[in-house]
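# Results of the structural survey
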Amino acid sequence: MGRFHFGFDIGGTFTDLVFVEEGTGALLIGKVLTTPDDPAQAVMAGVQDLLEQNGLTPEAVDGLVHATTLTTNAIIEKKGARTGLITTKGFADTLQIGRELRYDLYDLELEMPKPLVPKALRCEAAERIDFAGEVLTALDEADVLRAAKVFEAAGVQAVAVSFLHSYANPEHESRTDSILRAAMPNAMRSLSSEICSDLREYERTTTVVLNAYLQPLTARYLDDLCHRLAVRGFAGTPYIMLSSGGVATIAEAARQPIRLIESGPAAGALAAAYFGTEAGYRDVIAFDMGGTTAKICVVRDGRAQVANQFEAARVHRFKKGSGYPVKVPAVDLIEIGAGGGSIAWIDGMGLLKVGPESAGARPGPACYAQGGIQPCVTDADLVLGYLDPSHFLGGRMRLSRACAEAAIRSIAEPLGLKVARAAWGVREVVNENMARAAQVYTAEQGLDISAFTLVAFGGAGPAHAYDVARKLGVGRILCPLGSGIASAVGLLVAPKRIDTVQAYVTSLERADFGRVNAIFGDMEARARRALSHAGVAPDEIELRRSAEMRYRGQGYEIAVPLPQGELHEGRLDELRRYFDDTYRTLYGRILPGAPIEVINWRVSGLQRERAIPRPMLTGAPGRDSMASTSRPVYWHDEYVETPVYSRYALRSRDVIEGPALVQENETTTAIGPDAVLRVDDAMNLIIEIGGGGTA
Amino acid sequence: MRLDPIALEVLWKRLIALTDEAAGTLVRSSFCTIVRESNDYACVLMDARGRSVAQSTVSVPSFLGTLPITCKHFLRRFPPDSLQDGDVLLTNDPWLATGHLPDMTMITPIFYRGKLVAFTGCTAHSPDIGGRIRSGDAREVFEEGLRLPPHKFVAAGRLNALIVDVIRANVRVPDQVLGDLMAQVGTNEMAGRRLVALLDEYPGLEFAELAQIIQDKSEQAIRAAIRALPDGVYSDEFDVDGFDHPLTIRCAISVADDALTVDFSGSSTQVPQSINAVLNYTYAYTVYPIKCVLDPRVPNNEGCFNPIKVWAPEGTFLNPRAGAGVGGRALTGHYLHAAVFGALAKAVPERVQADSGAPLWFISPTGVNRRGERFAGTIFWNGGMGASASRDGLSATAYPGNVSNTPIEMIEHEFPLRFHEKALVVDTGGAGRHRGGHGQRIVWEVVNHEPITVSFLVERINHPARGRLDGRPGAPGAVLVNGRPLHNPKRIVVLQPGDVVTLQTPGGGGFGKPAERPSAEIEADLTAGELSAEAARQEYGVVVTAPNRE
């Protein structure tokens, strides 16, 4: 055996582990239950199993990349550190006031996210810097010392500092940092100018507060994990997945845990981008449908779209605006309350609805026979023949068709429908929900996705992809091998990445290019340092510039890629063209001659695309053991006897005409009557609908 | 045509998604900041008779039910046989559309196989409409900008060149205004294409029948919700600040079986300033709180509004005659929730809120900065929300308006203002079993080299938000310049360099008797800094003895 890369994704329910062999791309996978109180425990147990099963030793493992829901859960469950905040005098309430917006227009009982720092721990310091960075009032150091006393007395473990306009001049925050270091040596500190040097005080303050809130527990957890891995004999440096789809060193992650919040979903999007690109499709829609939600993300030209802001810990998971805004780059995705466990119900007008409530893993859908009686999407899939009751999770769990039918009957009868038709209705409605959400989401970005490829994964993704694609007018679906652990594969293909930002608000025409060049120079040097520190060779480093720009007077910026090299007035027309091109793509038109403003400047440092071993599933359990059979499957309006293939029996270049099902341990892929399945060289299932055209 | 609950759910969702997709297109291509940041738009699909079938999910309440009203006005002027494919109708007439000039309402007839089957429509706030700066004291609508009567902005695919020239000559940013109008044309077109594709996909589907089913189902749901209210006449009456003298809002809600009528008879006469609310706007801000109480989940369409009638006598400030100033309508319309909740509290107290510290506050500073550039714009802040039977009101977030604040760091970049404070003001939310949300204090200084002009659109300086069911009122708002209250803050004022302005937005009303607030919640408020020791004693009779409190 050769050398291996190791990735693991600690999810809410399962911890997925993958080993990929260098050179051959051989893929070894493991899945264990997550141990929420001590996440490293499940990792160590899982890795022990994998090593033993395959006769490997830790010395064979080189790279190690990891994603975790630890930080997300800590915010949701309010398990972060006792945190203090120091703000400019007069603005301690910024954190609580927020943006004064109700996220649900019709809810008279609206609940807003609670500020993570209570009033008693929000201290103010006299100081003032203006928007140009000029000091108007010097920092009152006595105020900082007073705050430190308050914090000490209250047992504060982490302190966030957020002064007005600190992005323009971090001097007062740095000085405050030094005073705190001396006054409270045991507390961790986060400065807004370091975590998110970005304009807009509420979002910046929330971001730095969340960072402080997460610091102690993240540091503890990572320390412990590294220690246990080292003791077990893993020598390589561990890396951690960022929300942006890059990876960072453990040290960096411990300093800026705010960047890890979306690490799991980011890995999924990266995996979809990777599978699509490898198969020759660079524009894809990542479609990950699991037990409670479906996640959809747009990948253009092989890259998952990254947004500069997202929300954490929403009060209502599917309501935009009900969470904490976080101003750090994250893979741009939407989450829909549509999964195998989504519950079907009848509304006040007698219409069939599905979700967003989910039966979760316990009691789960009725067919799990664990006491759940409400009809779920999985129950419908079973009744309609899409799932095989004896081969769920590779046969590890037996599903009860009788329970599923009884549950579906509970909605069929009041609706006056036959059980099969009601079950079909559940599928139809949940598929419609996902397709419409994706349609509105892509319309907001001005995209025509009819030529895109839907990359489907997650336990329920491949079983629903055909219908969702048809509803979206998308003609091609790709289902990668190992659907259930696709996200973990994303970890191994992630480039190392660092994102930096600096606010400097100026009209483009009147920009001080000396200052702009200095800002870019500084950020580029920082990015290079961080990447080479992470082991990236200088010639592997790619630096990308961008800026958030807008027409003067608009309250809304767009991210514009900018050219390399020294910038000067002679290049104004060129810079304007970059803005125009982006604006036109997004909004379809431009305002010739209107003044342009720049708010934030950004540099992303990335490890250039590398040749990555293509994961190949070898020695997977059950290979060749499932002969091709058939069963009745309900397609649109009737049951049709449909051939069922074992995924492990398929060979590359096999072609199968629909209708057909392909079964594997973690999922079942549905190929509709007007679709054709082809197995490519990487063992992906490529499904073309309607003879390759769009439906 | 028979539709089972699955087909109906899928088709209905399609129609709503079609309007949401249109909304996405509109927001994306609009230059207007408040369209993008404050959802000041709506996209609606209507049947061939101009009755709404689906409305975009996200929108400010101002446009509830207004597009179908405008569409029916259009139909009277342009009957179906005078319409053809490629026509686009436009107006911003406050009395026919949404109640003030900046909202452009555009409606496009949609033809399928040569037959008029539907209208797609959208309303969006324009970046500018000419006239004077936004303030409360325009005496007539003629001061407020350009009025466009109903016309074919596009006739059979040809843009009306004369109207384009007229608009171009009357607004400050013509490219943006016309650009946004073209975006509206494109939005309606896109929604129309989606509808045609849907009809192609479902041969045999009669859109008129589908529309009728959707409207009927919705109407039945709302009627059932009204029927669940006890029959009777519930009334409320209160005074508001007005411009230079208080005005009265009188409201009687009659619930008779499954129909509900709101009558504002007895409300004050219209005023010669711009705070009059046109009936369409009065309607929107009246049905909005009613729908929140009845059944907010029924998707918006004509059926929801059929059982609800709203009336105010012509000549009152809730139904002013043509020609009245209306640009500051929000200062009146945002009060109407209080009348609705006040009246319905007598029938279903557990489902309403106390008065909010609304209307929304905003200021419009204008002038020339140090670099010689002209600045102008609008900055928004909120008061506290009224409490309800089940929870405290939100602080600095009010009902019914829903406009986000502008970040201080952004304001200081754009205006020669420097902020000294923006903080919640403890005890400004009214006491009660549930406490009203607090207002906020905002202190800023003029740091220009020369004087600037500011228009304050503020309310509840003299008439605080009322509590409900023995809840205490919230604190009133205040506007001070250099520590002294402004005599009439709604008049445009000139501020000198160095002037310091203090704004305190009103708190929300409390709900229920303060004596019934559990001591644990009073304790928690004290700890969280939401209540002072003094107010704990005065309002709740709780004496704080804890030694560690300052």
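For the structure, see preceding data.
Residues numbered from 1 in each chain as written. Chains lettered and ligands numbered in written order. Predicted model: local features only at pLDDT ≥ 70, side-chain atom pairs only at ≥ 80, totals over all residues. Heavy atoms only, no water.

Now for the overall build of chain A. Helix and strand counts for chain A stand at 16 helices and 36 strands. Taking the principal axes of its C-alpha atoms as reference, chain A extends roughly 80 × 60 × 50 Å. The buried share among the 695 residues of chain A stands at 62%. Within chain A, residue pairs in contact and separated by at least 24 positions form 67% of the contacts whose partners lie at least 6 positions apart. For chain A, the exposed area adds up to about 25200 Å²; of that, 51% sits on carbon and sulfur atoms. A distance of 1 Å separates the average location of the 72 positive side-chain charges in chain A from that of its 85 negative side-chain charges. (Helix = DSSP H or I, 4+ residues; strand = E, 2+ residues; numbered from the N terminus. Buried < 20%, exposed > 50% of the residue type's maximum accessible area, 1.4 Å probe, protein only. Contact = heavy atoms within 4.5 Å. Areas by Shrake-Rupley, 256 points an atom, 1.4 Å probe, with all protein chains shown as cover. Lys, Arg positive; Asp, Glu negative; His and termini not counted. Charge placed at Lys NZ, Arg CZ, Asp CG, Glu CD.)

All names here are of chain B. L15, L195, I249, I253, L260 and F264 are the most contacted members of the largest nonpolar core, which totals 104 residues. The greatest single-element share of this core, amounting to eleven residues, is contributed by helix α7 (residues 279-294). Leaving out residues up to four positions away in the same chain, F264 has contacts with I249, R250, C251, T282, T286, V310, W311, A312, P313, L318, L336 and A339. (Core = buried A, V, L, I, M, F, W, Y, C linked by side-chain atoms within 4.5 Å.)

This brings us to the interface of chain A and chain B. Counting residues at the interface gives 71 residues for chain A and 80 residues for chain B. Carbon and sulfur atoms make up 54% of the surface buried where chain A meets chain B, a total of about 6800 Å² over both sides. Considering only the side of chain A, the residues that lose the most area to chain B are E100, Y106 and L108 of chain A, jointly responsible for 13% of the buried surface there. Counting every contact that joins chain A to chain B gives 38 residue pairs in polar contact (both at pLDDT 80 or more). At the level of elements, α3 (94-97), α7 (201-232), β22 (352-358), α12 (419-444), β26 (541-551) and α16 (572-587) of chain A are the ones that each hand at least two residues to the side of chain A that touches chain B. Take the side of chain A that touches chain B: its biggest share by element is 13 residues, from α12 of chain A. Residues that form the side of chain A that touches chain B fall into these classes: 32 nonpolar, 14 polar and 25 charged. (Buried area = accessible area lost by both parts, 1.4 Å probe. Polar contact = N/O pair within 3.5 Å; in protein donor to acceptor, adjacent residues only side chain to side chain. Nonpolar A, V, L, I, M, F, W, Y, C, P; charged D, E, K, R; others polar.)

Below, the discussion takes up the pattern of salt bridges. This model, assessed by the stated rule, comprises 87 salt bridges over all chains. Across the pair R250 of chain B and E237 of chain B runs a salt bridge whose closest N-O atoms are separated by 2.9 Å. Here R250 of chain B, found in strand β9 (residues 247-256), pairs with E237 of chain B, found in strand β8 (residues 232-240); they are 13 residues apart in sequence, far enough to count as distant. We classify E237 of chain B as partly exposed; its relative accessible area is 43%. One network of salt bridges, with partners in common, ties together E428, E432, R436 and K471 of chain A together with R14 and E201 of chain B. (Salt bridge = Lys/Arg side-chain N within 4 Å of Asp/Glu carboxyl O.)

Turning to the pairing of strand β33 (residues 660-663) of chain A, a few remarks are in order. In the case of a regular strand, side chains alternate between the two sheet surfaces. Residue and element names in this part refer to chain A. Residues A660 and V662 of β33 are buried on one face, and the alternating residues L661 and Q663, pointing to the opposite face, are buried as well. Pairing analysis gives three bridges linking strand β31 (residues 638-646) to β33, with the strands arranged parallel. Paired with V644 across the two strands is L661, which belongs to β33. Linkage of β33 to strand β34 (residues 668-671), two consecutive antiparallel strands, is achieved through a turn of four residues. (Pairing = 2+ DSSP bridges.)

This part is about the packing of α7 of chain B against helix α10 (residues 336-344) of chain B. The packing of two helices is summarised by the inter-axis angle and the distance between the axes. Residue and element names in this part refer to chain B. Where α7 contacts α10, the axes come no closer than 8 Å and their chain directions differ by 40°. In terms of orientation, α7 and α10 fall into the oblique class. For the pair α7 and α10, the sense of crossing is right-handed. When α7 is examined against α10, the residues T282, Y285, T286, P289, I290 and V293 are found in contact with a partner set consisting of L336, H337, V340, F341 and L344. Partitioning the contact of α7 with α10 into residue classes produces eight nonpolar, three polar and no charged. (Axes fitted to C-alpha atoms, helices over the stretch in contact; angles between N-to-C directions. Parallel < 35°, antiparallel > 145°, perpendicular 65-115°, else oblique. Left-handed = near helix turned anticlockwise from the far one by under 90°.)

What follows covers the sheet that holds strand β19 (residues 484-485) of chain B. Residues and elements named next belong to chain B. Pairing is antiparallel across the open sheet formed by five strands, whose spatial order is β15-β16-β21-β18-β19. Across the chains shown, the open sheet's two edge strands, defined by having one partner strand only, are β15 (417-424) and β19. Here strand β18 (residues 478-481) pairs with β19 via two bridges, running antiparallel. Across the sheet, V481 pairs through a bridge with R484, a residue of β19.

With that settled, the discussion passes to the side chain of H434 of chain B. Residues and elements named next belong to chain B. Along the chain, the position of H434 falls in the loop between β15 and β16 (440-446). Here the side chain of H434 touches R433 through a polar contact of 3.5 Å, side chain to side chain. Those residues within four positions of H434 in sequence are excluded, and the remaining contacts are A387, S388, A389, S390, R391, D392, G510, F511 and R517.

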